[in-house]
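Breakdown of the fold
Spelled out, the chains give:
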Amino acid sequence: KFLNSSEDLDVVFAIVGEGELRSPMQEILGRNIEKRQVVFTGNLKRQEMYQHILASDVCLYTPPQVEYGFCSQRGGSALKVVDYLACGRAVLFPDDDYYRYVEENRLGRLYKSGDIPSFTQLLEKMLSEDDLLEEFSQNCLKYAQGNLLWEKTLAPLKRFFVPYQ
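Residues numbered from 1 in each chain as written. Predicted model: local features only at pLDDT ≥ 70, side-chain atom pairs only at ≥ 80, totals over all residues. Heavy atoms only, no water.

Here we look at the overall build of the protein
Helix and strand counts for the protein stand at nine helices and five strands. Secondary structure of the protein in N-to-C order comes out as α-β-α-α-β-α-β-α-β-α-β-α-α-α. Within the span of the protein, comprising 165 residues, buried residues form 36% of the whole. In the protein, the proportion of contacts linking residues at least 24 apart, taken out of those at least 6 apart, comes to 60%. (Helix = DSSP H or I, 4+ residues; strand = E, 2+ residues; numbered from the N terminus. Buried < 20%, exposed > 50% of the residue type's maximum accessible area, 1.4 Å probe, protein only. Contact = heavy atoms within 4.5 Å.)

Shown next as structure tokens:
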């Protein structure tokens with residue numbers, strides 16, 4: 001729906017991965033694939049995935065609890081968020097209290113699930129304001145370095161793994 005509603009928006013969506021939904025998605029998105037608005041990458045090695053993230057201006061996160069409307073599928077792993085932030089890419093998250101930290105830390109924007117005009121406006125605004133994207137990018141890197149390092153994440157668990165003496 002988004003791609004069909006945004007004829008003038010110069011945007012390419014890379015869909016990474018492989019699975020049972022690829023064929024029906026390709027059928028539905030046929031016109032957009034021909035126009036090169038949608039690229040299916042298939043499964044990628046981690047380094048190749050990072051190349052796609054780094055080539056992006058904005059990343060989209062659809063968490064497992066959000067149905068995103070294609071065959072009633074739900075979103076993916078939260079580890080994607082770590083990758084997006086560590087690569088310094090602004091992220092669009094669904095509007096949910098859990099993701100308030102995104103706007104509080106200016107890491108990206110929150111979209112209303114299922115609201116195509118709202119999503120389109122947010123994406124257009126983000127893509128048209130270079131200074132805003134740069135600010136989000138820098139904030140994402142700082143947030144990842146300050147909050148998402150394994151040493152910091154695992155620190156509370158270290159006491160459970162101290163060798164017995």
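Now that the structure has been shown, the text picks up again.
Here's the deal with the sheet that holds strand β5 (residues 108–111)
With parallel pairing, three strands are arranged side by side in an open sheet as β3-β4-β5. Two strands lie at the open edges of the sheet, namely β3 (58–60) and β5, each paired on one side alone. Shown here is a sheet whose adjacent strand axes are inclined to one another by a mean of 25 degrees, direction ignored. With four bridges connecting them, strand β4 (residues 90–94) and β5 associate as parallel partners. Opposite Val-91, over in β5, you have Gly-108 as the bridge partner. (Pairing = 2+ DSSP bridges. Axes fitted to C-alpha atoms, helices over the stretch in contact; angles between N-to-C directions.)

What to know about the pattern of salt bridges
A full pass over the atoms with the stated rule returns five salt bridges. Arg-100 is the partner of Asp-97 in a salt bridge, and the nearest nitrogen-oxygen pair spans 3.6 Å. Assessed through its relative accessible area of 63%, Asp-97 is described here as exposed. Between Glu-129 and Lys-125 there is a salt bridge, with its nearest N and O atoms 2.8 Å apart. Look at Lys-125 and you get partly exposed, because its relative accessible area is 39%. (Salt bridge = Lys/Arg side-chain N within 4 Å of Asp/Glu carboxyl O.)

A word on the pairing of strand β2 (residues 38–42)
A regular strand places its side chains on the two faces of the sheet in alternate fashion. What you see with β2 is a clean split: Val-38, Phe-40 and Gly-42 sit on the buried side and Val-39 and Thr-41 on the side with no burial. Of the strand pairs in this sheet, strand β1 (residues 13–16) and β2 are connected by four bridges, and their pairing is parallel. When the sheet's bridge partners are listed, Ile-15 is paired in β2 with Phe-40.

Details of helix α8 (residues 130–147)
Every α-helical turn comprises 3.6 residues, leaving residues that sit three or four positions apart pointing alike. Taking 1.5 Å of rise per residue, 18 residues should cover 26 Å, and α8 covers 25 Å from first to last C-alpha, within 8% of that figure. Every buried residue of α8 is listed here: Leu-132, Leu-133, Phe-136, Ser-137, Asn-139, Cys-140, Tyr-143 and Ala-144. Buried positions along α8 lie against β3, α5 (79–86), β4, α6 (100–104), β5 and α7 (116–128). (Expected span 1.5 Å × (residues − 1).)

Focus on the nonpolar core
In summary, soluble globular proteins display a tendency toward joint burial of nonpolar side chains. Ile-53, Leu-85 and Phe-93 are the most contacted members of the largest nonpolar core, which totals 18 residues. For this core, the secondary-structure elements that each account for two or more residues are α4 (46–54), α5, β4 and α8. What Phe-93 contacts, discounting residues up to four positions off in sequence, is Tyr-61, Val-81, Tyr-99, Tyr-101, Val-102, Arg-109, Leu-110 and Tyr-111. Core analysis: the next-biggest nonpolar cluster, separate from the first, contains 12 residues, Val-11, Leu-92, Tyr-111 and Phe-119 among them. (Core = buried A, V, L, I, M, F, W, Y, C linked by side-chain atoms within 4.5 Å.)

Considerations on the environment of Ser-137
Structurally, Ser-137 can be placed in helix α8. Counting along the chain gives 52 residues from Ser-137 to Leu-85, while the straight-line C-alpha distance between them is 8.0 Å. Apart from residues no more than four positions distant in its own chain, Ser-137 is found in contact with Gly-88 and Arg-89. For Ser-137, the side chain forms a polar contact with the main-chain oxygen of Gly-88, separated by 2.8 Å. (Polar contact = N/O pair within 3.5 Å; in protein donor to acceptor, adjacent residues only side chain to side chain.)

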